[in-house]
Structures are given as structure tokens and as C-alpha cells.
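# Architecture and fold: a report
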Amino acid sequence: MTKRKRYYVGHCKDERRNEVFASADTPQAEDYPQYGFSTGPFRTKRGAVWASRFGAWYYTIAQAERLALAEDAKEAVRAILGE
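What comes next is a walk through the structure. (Residues numbered from 1 in each chain as written. Predicted model: local features only at pLDDT ≥ 70, side-chain atom pairs only at ≥ 80, totals over all residues. Heavy atoms only, no water.)

## Concerning the overall build of the protein chain
Note the threshold: A run of DSSP states H or I qualifies as a helix once it reaches four residues; a run of E qualifies as a strand once it reaches two. Both are numbered from the N-terminal end. Using a 1.4 Å probe on the protein chains alone, a residue whose accessible area is under 20% of its type maximum counts as buried, one over 50% counts as exposed, and one in between counts as partly exposed. The contact rule is simple, with two residues in contact once any of their heavy atoms fall within 4.5 Å. Note that accessible areas follow from Shrake-Rupley with a 1.4 Å probe, and for residues the cover is restricted to the protein chains shown. In this tally Asp and Glu are treated as negative and Lys and Arg as positive; neither His nor the chain ends contributes. By convention, charge coordinates are those of NZ in Lys, CZ in Arg, CG in Asp, or CD in Glu.
When you go through the protein chain residue by residue, the secondary structure sums to 2 helices and 3 strands. Beginning at the N terminus, the succession of helices and strands in the protein chain can be written as β-β-β-α-α. Judged by the C-alpha coordinates and their principal axes, the protein chain covers about 50 × 35 × 20 Å. For the protein chain, the proportion of its 83 residues judged to be buried stands at 25%. Expressed as a percentage of contacts within the protein chain between residues at least 6 apart in sequence, the contacts between residues at least 24 apart total 32%. Carbon and sulfur atoms form 53% of the exposed surface of the protein chain, whose accessible area is close to 6300 Å². The protein chain carries 14 positive and 11 negative side-chain charges, and their two centres are separated by 5 Å.

Written out as C-alpha cells, the structure is:
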């Protein structure tokens, strides 16, 4: 049985950017040398992508997941209303 992959945000060492990546195991520095540190695990890719875009605007992983879901809901309503 294979382990389920979880999503993490890798914070690049040399640049001020973040990348979303999936890993079945907890990321170790030896496996991901391009990142200074990583944040996660996130339950959904949506939460990880939101966290990588908005950086430090959340306190917990669960809060990032909720904010990402709320943002997607707002975008869906705007699309339905044609705004």
C-alpha cells in the first residue's frame, strides 16, 4: 500500500519565492536542498497554492485551508454573476 502524498510549500533559499510540492514522507533537508524550509502538510493542493501566493497571511495550516476555500467560493459566485 502506498502512502498518500501531502502538499507542502517550499520556501526557496536564494530567491523570494515559494513552490508547492507533494511528498509522501515528511520533507527532509537532504531530499529538498533547494528549499530553506517548508510549510505543511496541507490537506489539499488548494490550501498549499493559496499559502504560497499569500505568504504569511495565515497563522495555521487549517486557517490557510479555510481562506483558500472561501476565496474559491467568492470567485465562483463572481463567475456566476458575470462580474
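## Brief notes about the nonpolar core
The condition that has to hold: The definition of a nonpolar core used throughout is a set of buried Ala, Val, Leu, Ile, Met, Phe, Trp, Tyr and Cys residues joined through side-chain atoms within 4.5 Å.
Membership of the largest hydrophobic core is limited to 8 residues, which are Val 9, Phe 42, Ala 48, Trp 50, Ala 51, Tyr 58, Ala 64 and Ala 68. Of all the elements, helix H1 (residues 45–54) adds the most residues to this core, at 3 residues. Other than its neighbours up to four places away in sequence, Phe 42 contacts Arg 6, Tyr 7, Tyr 8, Val 9, Gly 47, Ala 48, Ala 51, Tyr 58, Ile 61, Ala 64 and Glu 65.

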